[in-house]
Amino acid sequence: MKKDYIRLTAIITSLILLTFVLLEGIFTYVTATKIMNEKMALAKNHTLMASMARSGDIDNIIGKVYHDFKLHSWYGNDEIGFYGMIKLDDGKVVESGDFVEVMYVPEDDSKQNDYRYFHVSSDFKRENAFISYFDIDAMCDDNFIFNGKFSYHEQDPKNFSKYNTFEYTIGDNELASIENAVPVSEWKGDNNLYAEYYTMAKTKYEAKLNKQAKKQLAEVRSKIDKGYVFKIYQNDGTFYYQSEAAEASSMQEKIESGQVVSFVQYKLGTSYYITHSCINSSTDNAFLCYVFHPLGLAFRSHIFLYIMSLIAFIIIEAFVVAMKKMYGNRMSYELMRQDLTRGIAHDLKTPLAVTKAYTENWEYIDEEDRHEYAEKLNAEVDNMVSVINNMLNMSKLDSEKDIKLEEVELYSMTSEIYERMKPIINEHGLNVKLVTDVLGGKYVAYADPKMIKIAIGNFITNAVKYAESRVAIKFLCNEKKITFMVTNDGQCISKKDIKRIWEPFYKVDKARTDRMGSSGMGLAINSSILRLHKAKYKCISSNNETSFWFELKKVK
């Protein structure tokens with residue numbers, strides 16, 4: 001019955017866990033798949049807008065490059081990593097990063113706007129994209145601003161009539177043409193200049209994704225350089241490819257001719273979308289890489305739901321554990337009740353049978369023998385009364401309201417019990433010692449005097465009954481606790497029996513206990529008494545010695 005109960009509880013718990021994992025797994029898979037498709041569509045849309053921008057009226061390749069970066073700053077930063085890399089005819093590389101675009105807007109609408117750029121580091125602190133008031137003391141060529149200072153002015157948030165000035169140092173730029181450089185003031189003058197700040201990442205998480213996008217692009221290009229390319233297939237006018245070994249020259253030809261447009265990986269862990277295009281010539285190769293983590297985004301966007309579902313799982317498991325404990329207690333109670341019924345029946349069966357036999361044959365007993373038989377009948381009745389009294393004592397030990405704590409001197413109480421039991425001790429020829437850790441010390445504890453006297457008496461009686469030759473009764477104390485221990489030699493109690501000796505009517509050696517008149521109730525009564533006292537108690541049996549001990553709170 002117990003094994004079936006444990007097996008059933010394990011099955012229920014496993015089913016709940018399996019259901020929880022399955023539902024969470026399905027929800028996460030569906031959510032991550034939806035996010036993957038949405039982010040991939042967004043990345044494709046960004047690259048499409050970049051491609052359209054390159055096909056416009058902007059002749060300068062650098063302007064086309066930074067138009068791609070501007071588009072990402074406008075429409076990107078949606079928990080998608082971005083990295084752009086354009087390799088120019090002269091072998092130089094333009095990489096994406098935070099930058100400021102300085103724009104000249106001529107008064108004559110017939111003329112075209114002109115642009116210059118400079119990259120900025122994390123030291124450049126600004127939230128708003130448009131910079132209204134600024135000064136530039138630096139050099140510039142046809143594309144870049146470098147080697148100088150950029151000062152911009154912002155209203156004080158606490159005092160709108162006051163402006164705070166911030167200065168940023170513009171460093172060198174290896175892409176700039178030094179020999180053709182002029183001061184910014186000679187470019188278009190100081191009038192009609194406007195500036196905007198573009199950032200590739202709005203959060204630390206997106207900055208981390210940007211670094212991963214750069215790494216991802218490098219890995220794909222490395223595979224291309226090593227000859228590990230992709231089998232190309234077409235879908236809606238866009239070329240995709242999957243990993244496959246091929247000749248490097250064949251793949252390079254497809255890249256340079258513009259046949260290979262997109263490099264795509266659909267995975268719930270890490271997805272990426274890489275586009276390639278040839279801008280002006282076969283050596284003007286532009287790569288844009290977008291990377292994101294669908295599973296991570298699913299967890300991040302639904303973290304509250306996951307926490308709530310975990311709490312719900314814990315509550316359900318707690319309910320199962322509570323029901324398990326409740327059912328376990330009930331089962332233990334039923335088992336104890338069955339043992340109790342069997343014990344009562346066993347202990348009353350023999351004296352009742354003897355009494356019945358005597359009464360049925362009473363008229364056939366000689367007059368001179370009737371006195372002896374009457375004494376035997378009284379002894380059997382006393383035995384039944386003892387069993388019933390023990391049961392009544394157990395019924396009285398049901399709650400803490402039955403206990404009345406007061407100061408009790410345990411050593412003198414034990415000495416009194418010992419003196420009363422001396423005839424039995426001498427009859428068995430036992431060597432019994434009372435041992436204390438303090439000579440002549442007092443062992444005063446908080447206890448119910450009647451109950452604790454029963455408990456000590458039962459422990460000593462058991463020790464005397466089962467001892468072979470010696471019994472030791474010990475008292476130990478510290479600042480907080482008093483320990484009572486009784487030890488006897490003789491046959492040890494098995495580990496299996498130690499777990500049950502505190503149950504009513506449980507007898508380790510039935511033949512021996514019956515012979516010695518044991519009811520099997522003593523230790524059960526002691527267990528109830530000590531639980532009411534909230535005392536620690538235990539039985540230890542090994543090396544032909546058995547010890548019972550308990551601890552009580554010491555009176556200071």
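A. The arrangement of the sheet that holds strand β15 (residues 285-292) in detail. If you trace the 5 strands from one edge of the open sheet to the other, you get β2-β1-β15-β14-β13, paired in antiparallel fashion. Of all the strands in the sheet, the pair left with one neighbour each is β2 (93-95) and β13 (262-265). Put simply, the sheet's adjacent strands are angled 10° from each other on average, direction ignored. Taken together, the 3 bridges between strand β1 (residues 81-87) and β2 define a ladder with antiparallel strand orientation. Residue M85 lies in a different strand from β2, and its bridge partner there is E95.

B. Structural detail: the state of the cysteines. A full pass over the atoms with the stated rule returns 0 disulfides. Not engaged in a disulfide, the cysteine C492 finds its nearest cysteine sulfur in C539; these two sulfurs lie 9.5 Å apart. For C492, a relative accessible area of 28% translates into the label partly exposed.

C. Examining the packing of aromatic side chains more closely. Scanning the entire structure with this criterion turns up 29 aromatic pairs. Ring centres 6.1 Å apart and planes at 25° place the aromatic pair F459 and F550 in the stacked group. In this pair, F459 is assigned in helix α11 (residues 449-466) and F550 in strand β22 (residues 545-553), connecting sequence segments 91 residues apart. Of the aromatic side chains, those joined through ring pairs into one cluster are Y411, Y443, F459, F475, F484, W502, Y537, F548 and F550. The side chain of R300 reaches across the aromatic face of Y205, ending 3.8 Å from its centre.

D. Fine view of helix α9 (residues 410-420). Three or more residues of α9 are buried, namely L410, M413, T414, I417 and Y418. With its buried residues spanning 140° around the axis, α9 presents them on a single face. Its side-chain oxygen 3.3 Å from the backbone nitrogen of Y411, E409 forms the N-cap of α9.

E. Quick look at a positive patch on the surface. The grouping of K480, K481, K536, K553 and K556 at the surface amounts to a positive patch. Along the polypeptide, K481 turns up in strand β20 (residues 481-489). Since its relative accessible area comes to 36%, K481 is described here as partly exposed.

F. How the structure looks around α11. The first and last C-alpha atoms of α11 sit 26 Å apart over 18 residues, in line with the 26 Å expected at 1.5 Å per residue. Those residues of α11 not exposed but buried are M451, I452, A455, I456, G457, N458, F459, I460, N462, A463 and V464.

G. Region of interest: the environment of T546. Mapping T546 onto the fold places it in strand β22. Using a relative accessible area of 4% as the deciding quantity, one classes T546 as buried. A C-alpha to C-alpha distance of 9.5 Å links T546 and Y466, two positions 80 residues apart in sequence. Excluding residues that lie within four positions of it along the chain, T546 makes contacts with V486, T487, N488, Q491, C492, I493, C539, I540 and S541. Separated by 2.9 Å, the side chains of T546 and S541 make a polar contact.

H. Structural detail: the confidence of the model for the chain. Summary statistics for the chain give a mean pLDDT of 78 and a share of 76% for residues scoring 70 or more. Per-element averaging of pLDDT across the chain places helix α13 (residues 510-515) at the bottom with 43 and β20 at the top with 94. The low-confidence segment residues 237-248 (pLDDT under 50) makes 45 contacts with residues lying over four places distant or belonging to another chain. A low-confidence stretch, residues 510-516 stays under pLDDT 50, and its non-local contacts, those more than four residues away or across chains, total 12 contacts.

I. Main features of the sheet that holds strand β4 (residues 114-119). In space, the 4 strands of this open sheet follow the order β4-β3-β10-β5, with antiparallel pairing throughout. Of all strands in the sheet, those bounded by a partner on one side alone are β4 and β5 (130-131). Taken together, the 6 bridges between strand β3 (residues 99-104) and strand β10 (residues 193-198) define a ladder with antiparallel strand orientation. Residue pairing in the sheet places M103 in a bridge with Y194 of β10.

Reading the values: the criteria
- Residues numbered from 1 in each chain as written.
- Predicted model: local features only at pLDDT ≥ 70, side-chain atom pairs only at ≥ 80, totals over all residues.
- Heavy atoms only, no water.
- Pairing = 2+ DSSP bridges.
- Helix = DSSP H or I, 4+ residues; strand = E, 2+ residues; numbered from the N terminus.
- Axes fitted to C-alpha atoms, helices over the stretch in contact; angles between N-to-C directions.
- Disulfide = S-S within 2.5 Å.
- Buried < 20%, exposed > 50% of the residue type's maximum accessible area, 1.4 Å probe, protein only.
- Phe/Tyr/Trp six-rings, centres within 6.5 Å; stacked < 30°, edge-to-face > 60°.
- Lys NZ or Arg CZ within 6 Å of the ring centre and 35° of its normal.
- Arc of directions from axis to C-beta.
- Polar contact = N/O pair within 3.5 Å; in protein donor to acceptor, adjacent residues only side chain to side chain.
- Patch = residues over 30% accessible without salt bridge, like charges linked within 9 Å, V, L, I, M, F, W, Y side chains within 5 Å.
- Areas by Shrake-Rupley, 256 points an atom, 1.4 Å probe, with all protein chains shown as cover.
- Salt bridge = Lys/Arg side-chain N within 4 Å of Asp/Glu carboxyl O.
- Lys, Arg positive; Asp, Glu negative; His and termini not counted.
- Charge placed at Lys NZ, Arg CZ, Asp CG, Glu CD.
- Expected span 1.5 Å × (residues − 1).
- Contact = heavy atoms within 4.5 Å.
- pLDDT = per-residue confidence, 0-100.

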